[in-house]
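Here's the letter readout for the chains.
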There are 2 protein chains.
Amino acid sequence: MTTPLPPDSVGLVAPRTALLQEPLTLASGRTLDNYELVYETYGTLNAEGSNAVLICHALSGDHHAAGYHSESDRKPGWWNHYIGPGKAIDTNRFYVVSLNNLGGCSGSTGPRSIEPETGKPWGARFPTLRVRDWVHSQARLADYLGITQWAAVVGGSLGGMQAMRWALEYPDRVRHCAVIASAMKLSAQNIAFNETARQAIMSDPNYCAGDYLAHDTYPKSGLAVARMIGHITYLSDHVMGEKFGRELRSGSFEQGLDDLVEFQVESYLRYQGDTFSDKFDANTYILMTRALDYFDLAREYDDDPAVAFRRAQCSFYVASFNTDWRFPMERSREIVDALIAADKSVSYTEIDSPYGHDAFLLPNQHYEQTFRQFMARIPTE
Amino acid sequence: MTTPLPPDSVGLVAPRTALLQEPLTLASGRTLDNYELVYETYGTLNAEGSNAVLICHALSGDHHAAGYHSESDRKPGWWNHYIGPGKAIDTNRFYVVSLNNLGGCSGSTGPRSIEPETGKPWGARFPTLRVRDWVHSQARLADYLGITQWAAVVGGSLGGMQAMRWALEYPDRVRHCAVIASAMKLSAQNIAFNETARQAIMSDPNYCAGDYLAHDTYPKSGLAVARMIGHITYLSDHVMGEKFGRELRSGSFEQGLDDLVEFQVESYLRYQGDTFSDKFDANTYILMTRALDYFDLAREYDDDPAVAFRRAQCSFYVASFNTDWRFPMERSREIVDALIAADKSVSYTEIDSPYGHDAFLLPNQHYEQTFRQFMARIPTE
């Protein structure tokens, strides 16, 4: 006997795959002749096609943003708090599309896929991607689904970068844009953490220059260290202190001769690294962190974000969290300043949360309320 | 022809080695029958033996705190800005002792030394050390040098922890104590970064469970990643932004087909990791980070630092830096609050510096002035 799925969830969902056969020329100059994107949808597209919302995922996200994959599934999609009937992204009103990005490792074409020319997994030979490449491939998916204009494009962190890029690349295809815990470009410190994570992966001898699948091996320990680095930066110092403090998992300071003292936070982090590295692809991790580093909203607009945003035709929701030190509030304020300078409509909210960057994924009343209000004002007819 | 050494430096110095033959029982319960400590001295011990200052080093420091090792040496000791004739620690007045800690890798007995029982390098079998073990071994070095009481014990970061522990373990042997950019215990986030660094080392296949010397190999890439993690946390976000921003070292965003874009900060960090891992010992790095994690000033004093500090008989100088996020100002304020609650004399200063935790090593007028004033008030007769 299984417990029924929560009534405010989208319930059972199943991923589908779109094969996109129009060649995609990437920012690097390379071309993918065709590619698959795995996606899920929640709610119903209305007759006018005017109620579609695109969810853009962050570094380690995927297409499974809401609902459950089976009756016995106890873990819903990664943004289930905010997507569902009556929730901020209300599936009674909206038709929600959530995909695994190109270059991902949850079913969409990426480094684990077979390279047509060689018949072998792409590995590190998979093209370097930029945020705009994701936006262009998402636009092909929208065409495939018959969506000419999004009611909203929504994302947190790296997802927020995609949402902003959508507003500039396809201004007439986006009516609203939600940019949560994001930034117009990374700081040197952000890049430094990403590069350290990449070095951890690439210096693992099992990385085999990215060809680990062909060698039937996997850089598990390198990816685990990379994830540990990332994980520390997602959490606030405060919440780590609250959650773990200096509690011991084993040993004691009145120790025996050879016992090592181990803190709870150490085994927690190792567990996070270990489970993540079991399921995620190392080349995808490298590719995604590079896309993060490379993103610079205003690079082609004279480095002036106000000039960039003048292209946008949508209205914006921007949110940031006070303990987020990976994408601090200053970065969101810069977005808001540029939007105001570009004479765009923007709702901005700074949210108190102890949870650092991770807060954008977690329940929070103030965040939920402001996000809900923004989405509720979107006409769908 | 060589340029003369700067006149405000202590000039040419040479390390010496003390063989300490009284067995040392460690906090873990294990005993070292004898051990060597490498040290340097600057200035002259006066007839009363009342002008001796002990310098305690931080994670990657060593005994070479000031002066030059040869006429052609262009790089002075790590605290040369603050130790020398007329400097904050004035070698015209003080006799300065600086050692490489037990467990280190710059000449003192440590994991690279030969374990008497096996005739092989200790490696990871070298005993786990706590800050108090360093203090006790430093006290044996003081005996060896004929120093019954320090005019001051001084240290930054992990060195500040040693200075505080000195004041509690040997209250009658310390007259003044300078605690710079330090903390009474690490936060969960600090421990998390240290554990990630340890995992980077230990998951390198060349680590060989710590026996790399016996296997004639070395976990160079793991130690390089560990150092990269550490290095990011020593610098402030701000100074990384000022120093590197998003400047490119190679490639361009109008890139060719297979070029990768590389930021300056990436190659800088890799260089730091690379050069550090050429010279430092991986087991020492693990041992030192564990000592940092384990340190908890008041653990044996009912977790009440005021109770702990009541044992001290010295006066204190405490300094912290506004952009230091590894040992933030709050940690120093906690030290000061506890000292005041314990009715001790304390001078506290918060210093504006863009350089993060590294600021304690760098020239800074306000820091220099307050530190100099504290040291100048120390009677040496």
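The shown structure was predicted, so the numbers you read here are calculated from the model rather than taken from an experiment. (Residues numbered from 1 in each chain as written. Chains lettered and ligands numbered in written order. Predicted model: local features only at pLDDT ≥ 70, side-chain atom pairs only at ≥ 80, totals over all residues. Heavy atoms only, no water.)

Draft legend 1. Focus on the environment of D204 of chain B. Residue and element names in this part refer to chain B. As for its position among the elements, D204 is in the loop between helix 3 (188-202) and helix 4 (220-234). Residue classification places D204 among the buried positions, given a relative accessible area of 7%. If near-sequence neighbours (up to four positions away) are discounted, D204 is found in contact with P219, K220, S221 and G222. Among the polar contacts made by the side chain of D204, one reaches the side chain of S221 at a distance of 3.0 Å. Among the polar contacts made by the side chain of D204, one reaches the main-chain amide nitrogen of G222 at a distance of 2.9 Å. (Helix = DSSP H or I, 4+ residues; strand = E, 2+ residues; numbered from the N terminus. Buried < 20%, exposed > 50% of the residue type's maximum accessible area, 1.4 Å probe, protein only. Contact = heavy atoms within 4.5 Å. Polar contact = N/O pair within 3.5 Å; in protein donor to acceptor, adjacent residues only side chain to side chain.)

Draft legend 2. Structural view of the sheet that holds strand 1 (residues 16-20) of chain B. Residue and element names in this part refer to chain B. The strand order 1-4-8-5-9-10-13-14 describes an open sheet built from eight strands, whose pairing is mixed. Two strands lie at the open edges of the sheet, namely strand 1 and strand 14 (346-351), each paired on one side alone. Direction aside, the axes of adjacent strands within the sheet are offset by 20° on average. Looking at chain direction, strand 1 and strand 4 (residues 35-42) are connected through five bridges and run antiparallel. Its bridge partner lying in strand 4, A18 is registered against L37. (Pairing = 2+ DSSP bridges. Axes fitted to C-alpha atoms, helices over the stretch in contact; angles between N-to-C directions.)

Draft legend 3. Molecular detail of helix 1 (residues 131-145) of chain B. Residue and element names in this part refer to chain B. Between its terminal C-alpha atoms helix 1 stretches 21 Å, which fits the 21 Å expected from 15 residues at 1.5 Å a residue. Counting buried positions along helix 1 yields 13 of 15 residues, so the element is predominantly enclosed. G146 sits one or two residues past helix 1 and shows a positive phi near 75°. (Expected span 1.5 Å × (residues − 1).)

Draft legend 4. Here's a closer look at the domain arrangement of chain A. Residue and element names in this part refer to chain A. Considered domain by domain, chain A is made up of domain 1 (16-185 + 296-376) and domain 2 (191-289). The distance between the C-alpha centroids of domain 1 and domain 2 comes to 26 Å. Listed as interface residues are 26 residues of domain 1 and, on the opposing side, 27 residues of domain 2. Around 2200 Å² of area is buried between domain 1 and domain 2 when both sides are counted, 63% of it from carbon and sulfur atoms. Along the contact surface separating domain 1 from domain 2 lie two salt bridges. Here D281 ties to R112 by a salt bridge, and the two come within 3.4 Å at their closest N and O atoms. There are eleven residue pairs in polar contact (both at pLDDT 80 or more) connecting domain 1 and domain 2. Residues belonging to the side of domain 1 that touches domain 2 are distributed by class as follows: 13 nonpolar, nine polar and four charged. (Domains from an automatic or database assignment. Buried area = accessible area lost by both parts, 1.4 Å probe. Salt bridge = Lys/Arg side-chain N within 4 Å of Asp/Glu carboxyl O. Nonpolar A, V, L, I, M, F, W, Y, C, P; charged D, E, K, R; others polar.)

Draft legend 5. Examining the UniProt feature "active site" (unreviewed entry) in chain A more closely. Residues and elements named next belong to chain A. Per the UniProt record, the feature "active site" (unreviewed entry) sits at S157, D324 and H357. Look at the named residues: they lie 201 residues apart in sequence, but the longest C-alpha span between them is just 10.8 Å, so in the fold they bunch up. Within the fold, D324 resides in the loop between strand 15 (315-321) and helix 9 (329-341). Judged by its relative accessible area of 2%, D324 is buried. Apart from the residues within four sequence positions on either side, D324 is in contact with A181, M329, G356 and H357. (UniProt positions renumbered as here; feature names shortened; annotations may be inferred.)

Draft legend 6. Region of the structure containing the interface of chain A and chain B. Each partner contributes to the interface: chain A provides 52 residues, whereas chain B provides 52 residues. When the two sides are added together, the surface that chain A and chain B hide from each other amounts to roughly 4500 Å², 62% of it contributed by carbon and sulfur. Per-residue buried area on chain A facing chain B is highest for Q189, R246 and F253 of chain A; these three make up 14% of the total on that side. Linking R270 of chain A and E195 of chain B is a salt bridge whose minimum nitrogen-to-oxygen distance equals 2.6 Å. Along the contact surface separating chain A from chain B lie 16 residue pairs in polar contact (both at pLDDT 80 or more). Put simply, the parts of the chain that give the side of chain A that touches chain B at least two residues each are helix 3 (188-202), helix 4 (220-234), helix 5 (237-243), helix 6 (264-279) and helix 7 (282-294) of chain A. Per element, the largest residue contribution to the side of chain A that touches chain B is ten residues, and it comes from helix 3 of chain A. Residue composition of the side of chain A that touches chain B, grouped by class: 24 nonpolar, 14 polar and 14 charged.

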